Amino acid sequence: MTKPPLLIDLKFSDRAAVVAALKRHFADRDVIDLGAAENAGRDLSDCRYAILWQPDADLFSRATNLDVLFSGGAGVDRVLALEGLPDAPLVRFVDPSLTRRMSEYVVLQCLYHLRQVAAYRSSQKARRWQPLPQPEACAATVGIMGLGELGRDAAAKLKMMGFNVVGWSRTAKTIDGVETFDEAGRDAFLARTDILVGLLPLTAETTGLFDLALFEKLRRGGPLGAPVFINAGRGGSQVEADIVAALDRGILGGASLDVFETEPLSAESPLWDRENVVITPHVAADSDIGALFAHVERQIARFEAGEPLEHVVGRKRGY
Ligand code: NDP
Ligand code: OXD
């Protein structure tokens, strides 16, 4: 029996990687890859599965019989906002390689601020020999907002580096060696935090969460001089005008931002010019295409065997 076809609409920057990975995956079924010019205008009504990242606006009016949707990334805010989204299960991408690379990013940024790399870069530029105080990681507390797949792995790796780690999530968690706070404990969590790490999904509750009022609640007098903000969750959770104001007023001493309210970040943004702000173009943890396709193959096999899908997004909670 022929297996139901799979639709792919992945607007990833590395198109060649998608084409190469397709040669190694889904050998047992037809794949309609909308990135290939010959598939423009194809009838999509037979497709039962779709892998999506920034799909065409009219996709769901053409693919009208989808049984399962797969997000090309871990975050699903954009998929959930799509016009005409069918009421089919949405599976998000959970993958050890993505998780490990996110933790690399988080550890790198925490160490960057702890070891005052920006100040040393500036001294180097001025050919100035200027030693600075050198606190150890155990003198600083990293507070992670979001204790999901990514937040928990980052917490474990930061602990390994010697940082104190506290964490905050919607529902209470127990994590060895990490003091955790639920929604109601937010202010107590912030009061403990020297380096704030955002690893939250974008939902109605997390939109605009990282604002001046929140930054003002972070611990003062810590080893970094002033608190630092690191965000690799979603830019919609931060208020960039407030980050700039907080930096201007010394409420924040620095920031590392991988995500922005509008991407790409405008060339006019004042954030580009700040000495102690690290800007990366939403690359903290890209999806590995081969791993993504292997994950979708596993989930389709489960679905077709009548087993439950994994990593299904809760539509109501929004992640
Ligand atoms: P998970 O769904 O596994 O974890 C989300 C965490 O956020 C959970 O701990 C959840 O709480 C918590 N959370 C959600 N809403 C709230 C809220 N209102 N208040 C408090 N806590 C809340 O997601 P992942 O860890 O896999 O990924 C997190 C996000 O990282 C993704 O949604 C995506 O936006 C972003 N991302 C960014 C990448 C990049 O390259 N910059 C790459 C990959 C992902 P609870 O545990 O109680 O449910
Ligand atoms: C994701 C991302 O959500 O790359 O996976 O942002």
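Structural data are supplied above this passage.
Conventions used here
- Residues numbered from 1 in each chain as written.
- Chains lettered and ligands numbered in written order.
- Predicted model: local features only at pLDDT ≥ 70, side-chain atom pairs only at ≥ 80, totals over all residues.
- Heavy atoms only, no water.
- Helix = DSSP H or I, 4+ residues; strand = E, 2+ residues; numbered from the N terminus.
- Rg over C-alpha atoms; globule rule 2.2 N^0.38 Å.
- Buried < 20%, exposed > 50% of the residue type's maximum accessible area, 1.4 Å probe, protein only.
- Areas by Shrake-Rupley, 256 points an atom, 1.4 Å probe, with all protein chains shown as cover.
- Lys, Arg positive; Asp, Glu negative; His and termini not counted.
- Charge placed at Lys NZ, Arg CZ, Asp CG, Glu CD.
- Salt bridge = Lys/Arg side-chain N within 4 Å of Asp/Glu carboxyl O.
- Polar contact = N/O pair within 3.5 Å; in protein donor to acceptor, adjacent residues only side chain to side chain.
- Contact = heavy atoms within 4.5 Å.
- Pairing = 2+ DSSP bridges.
- Axes fitted to C-alpha atoms, helices over the stretch in contact; angles between N-to-C directions.
- Near = heavy atom within 4 Å.
- Core = buried A, V, L, I, M, F, W, Y, C linked by side-chain atoms within 4.5 Å.

Asks: What's the story with the overall build of the protein in this structure? I'm lost.
Replies: In terms of helices and strands, the protein carries ten helices and twelve strands. For 319 residues, the compact-globule estimate of 2.2 N^0.38 gives 20 Å, and the C-alpha radius of gyration of the protein, at 22 Å, lies within 12% of that figure. Along the three orthogonal principal directions, the C-alpha set of the protein runs to about 70 × 45 × 30 Å. Within the span of the protein, comprising 319 residues, buried residues form 48% of the whole. As presented, the protein carries roughly 15500 Å² of accessible surface, and 51% of it is formed by carbon and sulfur atoms. If you average the places of the 36 positive and of the 43 negative side-chain charges in the protein, the two averages end up 5 Å apart.

Asks: I keep staring at the side chain of D258 and nothing clicks. Help me out?
Replies: Structurally, D258 is set in the loop between β11 (254–257) and β12 (277–279). For D258, which is buried and forms no salt bridge, the nearest opposite charge comes from R234, at a distance of 7.2 Å. Within the structure, the side chain of D258 is placed 2.7 Å from the side chain of T280, a separation counted as a polar contact. Each residue touching D258, except ones within four places of it in the same chain, is listed here: Y105, N231, A232, E263, T280, P281, H282, V283 and A284.

Asks: Would you explain the pairing of strand β9 (residues 195–198) in this entry?
Replies: A regular strand carries its side chains on alternate faces of the sheet. Taking every second residue as pointing to the same face, both faces of β9 are buried, with I195 and V197 on one and L196 and G198 on the other. Sheet topology places strand β6 (residues 141–145) next to β9; four bridges connect them, and they run parallel. By the bridge assignment, M145 is partnered in β9 with G198. Sheet topology note: the β9/strand β10 (residues 228–231) ladder contains four bridges and is parallel. Residue pairing for β10: V197 is matched across the bridge by I230.

Asks: I keep staring at the sheet that holds β12 and nothing clicks. Help me out?
Replies: In a beta sheet, neighbouring strands are held together by backbone hydrogen bonds and run either parallel or antiparallel to one another. If you walk across this open sheet you meet the seven strands as β8-β7-β6-β9-β10-β11-β12, and the pairing is parallel. The open sheet terminates on both sides in strands that have one partner only, identified here as β8 (179–181) and β12. On average, each strand axis in the sheet is inclined to that of its neighbour by 15 degrees, with strand direction left out of account. Bridging between strand β7 (residues 164–168) and β8 involves three bridges; their strand directions are parallel. Following the sheet pairing, V166 is matched in β8 by E179. On top of the sheet, helix α6 (residues 149–160) reaches β6 and β7; it is set at about 170 degrees to β6, its chief contact.

Asks: Any chance you could explain the site of ligand 2 here in plain terms?
Replies: Near ligand 2 the following residues occur: W53, G73, A74, G75, R234, H282 and A285. Take A74: an N or O atom from its main chain is 2.7 Å from an oxygen atom of ligand 2. Interatomic distance of 2.6 Å between a side-chain N/O atom of H282 and an oxygen atom of ligand 2. A total of 210 Å² of accessible area belongs to ligand 2 in isolation, and the protein chains cover 87% of it.

Asks: What is the right way to read the site of ligand 1 from this model?
Replies: Near ligand 1, the surroundings consist of 30 residues, among which R92, L147, T171, K173 and Y319 are the closest. Separating an oxygen atom of ligand 1 from a backbone N or O atom of L150 is a distance of 2.9 Å. Taking Y319, its side chain carries an N or O atom lying 2.5 Å from an oxygen atom of ligand 1. Coverage of ligand 1 by the protein amounts to 94% of the 930 Å² it exposes when considered alone.

Asks: In this structure, what is going on with the sheet that holds strand β1 (residues 3–10)? I would like to understand it.
Replies: A sheet is described by the order of its strands in space; here five strands give the open sequence β2-β1-β3-β4-β5, paired in parallel fashion. Single-partner strands in this sheet number two, and they are β2 (29–33) and β5 (90–91). As paired elements, strand β4 (residues 68–71) and β5 share two bridges and run parallel to each other. Along β5, the bridge assignment pairs L69 with L90.

Asks: Help me understand the nonpolar core in this model?
Replies: If you look at soluble globular proteins, the nonpolar side chains tend to sit buried side by side. Ranked by size, the top nonpolar core spans 50 residues in total, and within it I51, I144, F163 and F293 carry the most contacts. If you tally residues by element for this core, the top one is helix α4 (residues 96–114), at seven residues. With sequence-adjacent residues up to four places away left out, F163 is seen in contact with C110, L111, L114, A137, A140, V142, L158 and I195.

Asks: What exactly am I supposed to notice about the pattern of salt bridges here?
Replies: Two side chains bearing opposite charge may form a pair once their charged atoms approach each other closely. Inspection of every chain in the model, using the stated rule, returns 16 salt bridges. The partner of K157 in a salt bridge is D153, and the shortest N-O contact between them spans 2.8 Å. A residue pair is termed a helical-turn pair when its members lie 3 or 4 positions apart in one helix, as K157 and D153 do in helix α6 at four residues. Note on D153: relative accessible area 21%, which makes it partly exposed. When salt bridges with common partners are traced through the structure, they connect K3, D28, R29 and E304 into a single cluster.

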